[in-house]
Structure formats: structure tokens, C-alpha cells
Amino acid sequence: MNSPSLPNPSRSAPPGVRRLADLTLDNRFAALPPAFHTRLASTPLPAPYLVCASEAAAALIGLDPAALRDQQFVEVFSGNAELPTSQPLAAVYSGHQFGVWAGQLGDGRAILLGEAPSPTEPHGWMELQLKGSGRTPYSRMGDGRAVLRSSIREFLCSEAMAALGIPTTRALCVIGSDMRVMREMPESTAVVTRMAPSFVRFGSFEHWFYNDRPQELRLLADYVIARSFPELQGSDRPYHTLLREVTRRTAELVAQWQAVGFMHGVLNTDNMSILGQTLDYGPFGFMEAYDPAHICNHTDQQGRYSYRMQPRIGEWNCYALGQAMVGLIGDVDEVQEALSVYQPSFAAKMDALWHAKLGLSTTQDGDEALIAALLQALAANRVDFTLFFRRLSGLAVDDPSADAPLRDLFIDRSAFDAWSVEYRRRLRAEGSADGARRSRMNRVNPKYILRNYLAQVAIDKAAQKDFSEVARLLAVLRQPFDEQPEHEAYAALPPDWAAGIEVSCSS
Ligand code: AMP
Ligand code: MG
């Protein structure tokens, strides 16, 4: 197998880098041939200011919280100043958008700065990427910018997903500017800094396949394996195993989304991470009143990316990746075999997650029917998904008289009563103890999720230069499973005005 020559970054970062100037970046993507990227600097952002920063994300690259308050931090992560070791570039990729081949896309508004050593990441590094940092050769008709609204949403959700234990790219900070760009209306701009061990997408592979460039395709696969799947190096079927592993991770990722009611909103193949992480937060949403047909993205009129479609779309996207890898793997049956892990991986993970959400420690006959009956009742009664599972942990097996907080979530209380009889019978069948079950359930059923209206309140204040609500919301969402009595309001049902919030591909 041909490996590109890859210099290794130092694996040991100094603990607590206080000054940004001490952060040294490598950029192994830059070492790939020029066809993979365009080297260029970001476009300066006028009069930038710090909107928010995540100390937890900063810790991943050993950055001390003090470094986040430095003016140099704003300069670097607005794209106005370059770290001496930075090798900024925009990467090319292609993809299927809404099921249709879209041809070349690429980093139209993102700049990869390089990779910083990470003292905590199993990979040993994190790539840093600015999003909204100006036009690139891949901008097509776009202005290269991102608006404050969507940058705050991406920042908060990245950090919230990580706290939920769901694989995701991370967000270091949002830097704002009063410069305005046109979307449905004029909006102020921002740059969000994202971090991930790799930003390679399914669409990066498709790019070379559809351009009939098998050498580059192989180089990309070897690069991905060498960096992110080193255990496959030297195996006799590395490309087959890579596809299999990506397929498995994708299936498990989608199951994790379903379990918290997360809808990505734009599951195009250019938004699918080769690492199986949640990537590219745009018009995402968390399920509130449970409706499996719910479409979170206003632009998605057909519901291709609705909640109930996500598992099938995850698989569709793996097929698109598999298609691109047929030549590399060399045998269609092997491609099929690799892709065939999707359904069993998804089913097994989903089943384990539903069991955990219900606090069931064993698997018994009838569990599938119990879960299906619950989901049907939740849908029929438009029950808030998060509140229901959180409150379910408080159920006392032998005391239905304490069921009010649960029953009250149902329009038809008797629908809950009927289901709860079966649920109690099932809990008794495994000798479930209330206290132990409750603490188990509270570790998998979050109390706090990023409801659209919570993000909107924080965004509206930030637009008035009050960034305190973004910081508060971040702090709440970083502890999603904890009771936070002072923040009870953040766990409440959405207010009526929230129904009017529409999020779309415009960002
Ligand atoms: P997204 O829907 O955000 O995943 O973006 C799809 C493609 O459009 C990617 O190639 C983006 O880089 C590009 N894109 C989205 N918004 C802009 C923009 N404002 N300026 C330039 N390119 C953009
Ligand atoms: Mg994208």
C-alpha cells in the first residue's frame, strides 16, 4: 500500500499552554498533492470580538483558559492573524446533496489552519478549522461567510453533543463582527473555530471517484488509514476494512442521534465525517413533541432528512461511499459485505440504547413490542421526547399514584396508563430496583438539550452584544445529565412562540 509521507507531530503537548503563540501547528493535509487543496489565507474580519469560547474544547489542545481571554486569541481565530506555524488551506471535496450528485463543492468558507497536539485525544492531535473566514476557490456563488446565528448554533450544539457522549466535531470559539452579509435578511457575521482529528468527508472520496482519478483516491484512503485507522495498516484488505469500519461507526452514530432525538437536517454526503462524527451543524433540531416524521430543516420539503429517515439515509450515504471505493476495494462483493454491517450495527446499537433509556438491564421477549408501543403512544400524544424519558426515571414500580408528572405529558392520560402496566410488569420481571434504575437512566436520558428556542434566546441577546446567555447555555449543556435546580427553566417545555422558529439551509 502506498502511504503518503507523513511527518509525525509531537504527541506530547505541554500541559496548559498559556499563550497562543506557544501553540505549534503541523498540517499533514497540506503535505498531500496540490490537487487536494488550495493554500490561502483567510480574509480579514473587520473589528472582531469574542462572542464565546469553550474551555473544555480548549483543553483538548492543552490551551489554558487564560489564553482564551487574550486579544491575540481574537486575532488568530477571526483569521486576522496567523500563527507562525499555521499552513492555512481550503480542501476540495464533492458530494451528493439531497440525493443528487452535486459535483465539486469543497471548503467554500472554511480554512484548515493545521493540527495542534492534543494531550487528551486518542488520535494525539486536533485539526483547527475556521468556518466563515472568507471566500475560497470552492465558494461557488457564496460569500465565504457564516452568520452569527448559525455560528452560535454550531458552537453550542458541538459542545452539547460532546457532553452527551455522541461523536462530534468540537467548537473552540465564535468570533463576531458587525460586518453584515445578506441571507433572508442582512445578518451580522462570525467565524466559528471547529476542531476534529480530521475533516475528511465521504464526499472527499466521491470527489476522486467521480473525477476518475484512482491514484488520488488511493492516496486519500492511505492518508485516512495512516492517520485515523492505523490499526488497518498492513492488513490484507485495508480498504475493505476501512469501509466496513466507517459504515459501522456511521450506523452507531445515527442510532445515538435517534436516541436523543437529534436531527442533523442536511445529511448530504459532503457532511458525513469519515470518522463517524457529527459534522456540519446547520438546520439541526432536537425532537420536542415526538413525531417520527418531523422535519427540522425548513428547506427539506420532501422530508428526506426527517427523524424517521435518518437511519436509512445514513445507510444510503455509506452506499455512496462504497460506490466510490469499488475500484479501490476491487470486488463488488467485498464492498457489499462491508456495507452489510450497517443494518445489524444500527439495530444492535439502537436496541441497546432503547433498553438503556427504559432502564432495562436485560433483554427479554416482548421488549421490541414494548418499545414500539411506547413510541406509538408518544407520537399519538405529541409527548415531549426529552421530558418523557427524563421523568420516566422517576417512576416507582409499585406506586402508580406518583405517575402524575408522566401522565400529564399525554393528551390521553389513559394511553400512558395502559403502557405503564406493561412497563411495570417488565420491570418486575427483571427485579428492577427503583433507585438503581433511576440513576442509570439519568445517565443516559439528558435533562438539558439544545432546544431551538434556547439557542434563539441566546442568539438574540448576542446580536445585542450581550453574550452572557450563550455562556450560560453552554455551561448548562455541558452537564446535560445533571440536575441543575437553578437552571430548571432550561429543561421546561418550549414556549408557544418556539413553534414559529424556522431553521433552513441559509446560514
Ligand atoms: P453546507 O450546506 O453548509 O454543508 O455547504 C455546502 C457547500 O456550500 C460547501 O461546499 C460549503 O463550503 C458551501 N457554502 C455554504 N455556504 C457558503 C457561503 N456562504 N460561502 C461560500 N460557500 C458556502
Ligand atoms: Mg457542509
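Just above, that's the structure.
Please read these numbers as outputs of a predicted model, since none were measured by experiment.

This brings us to helix α6 (residues 214-228). Given a rise of 1.5 Å per residue, 15 residues ought to cover 21 Å, and the 21 Å separating the end C-alpha atoms of α6 matches this to within 8%. For α6, the buried fraction is high: 11 of the 15 residues fall into the buried class. Residues of α6 that are buried include every one of Glu-216, Leu-217, Leu-220, Ala-221, Asp-222, Tyr-223, Val-224, Ile-225, Ala-226, Arg-227 and Ser-228, and no others. Looking at the packing, one finds that the buried side of α6 touches β6 (110-117), β7 (125-131), α5 (202-210), α7 (238-260) and α8 (310-329).

With that out of the way, let us pick up the site of ligand 1. Around ligand 1 there are 17 residues in total, and Gly-106, Gly-108, Arg-140, Gly-144 and Asn-271 lie nearest to it. The contact in question runs from an oxygen atom of ligand 1 to an N or O atom on the backbone of Gly-108, over 2.8 Å. Measuring from a nitrogen atom of ligand 1, one finds a backbone N or O atom of Arg-145 at 3.2 Å. Burial of ligand 1 by the protein chains amounts to 82% of its free accessible area of 480 Å². Along the lines of polarity and charge, the residues of the shell around ligand 1 split into two nonpolar, seven polar and eight charged. Inspection of the shell around ligand 1 shows a minimum of three residues originating in each of domain 1 (20-199) and domain 2 (203-285 + 293-352).

With that out of the way, let us pick up the pairing of β6. Of all eight residues in β6, eight are buried; the element is thus mostly enclosed. In this structure, β6 lies alongside β7, joined through seven bridges in antiparallel fashion. Following the sheet pairing, Ile-111 is matched in β7 by Leu-130.

Attention now goes to unusual backbone geometry. Of note in this structure, Phe-98 is not a glycine but carries a positive phi near 50 degrees. Here Phe-98 shows up in the loop between β4 (94-97) and β5 (100-104). With a phi angle near 70 degrees, Asp-280 is a residue other than glycine that sits in the positive phi range. Mapped onto the fold, Asp-280 is located in the loop between β11 (262-263) and β12 (285-286). Asp-280 gets classed as buried once you look at its relative accessible area, which sits at 15%.

What counts, and at which threshold
- Sequence order sets the numbering: in each chain, residues are counted from 1 along the sequence as written.
- Each chain is given a letter, starting from A, and each ligand a number, starting from 1, according to the order in which they appear as written.
- Reporting of local features is limited, given that this is a predicted model, to residues whose pLDDT is at least 70; pairs of side-chain atoms are given and counted only at 80 or more, and all residues count toward the totals for whole chains, interfaces and linings.
- To obtain the side-chain values, all non-hydrogen atoms of the structure were included, while hydrogens and water were left out.
- Strands here mean DSSP runs of E at least two residues long; helices mean DSSP runs of H or I at least four residues long; both are numbered from the N terminus.
- In a helix, the anticipated span is given by 1.5 Å times the number of residues less one.
- Think of it in three bands: with a 1.4 Å probe and only protein chains considered, a residue is buried below 20% of the maximum accessible area for its type, exposed above 50%, and partly exposed in between.
- Should any heavy atoms of two residues lie within 4.5 Å, those residues are counted as being in contact.
- We call a residue near a molecule or strand as soon as one heavy atom of that residue lies within 4 Å of the molecule or strand.
- Any N or O atom pair separated by 3.5 Å or less is treated as a polar contact, with the protein-specific requirement of one donor-capable and one acceptor-capable atom, and with residues adjacent in sequence counted only for side-chain atom pairs.
- Using a 1.4 Å probe, accessible areas were evaluated by the Shrake-Rupley method; residue-level cover was limited to the displayed protein chains.
- Lys, Arg, Asp and Glu make up the charged group, whereas Ala, Val, Leu, Ile, Met, Phe, Trp, Tyr, Cys and Pro make up the nonpolar group; the residues left over, Gly among them, are polar.
- Residue ranges assigned to each domain were obtained from an automatic or database domain assignment.
- Here, a strand pair is defined by DSSP locating no fewer than two bridges between the strands.

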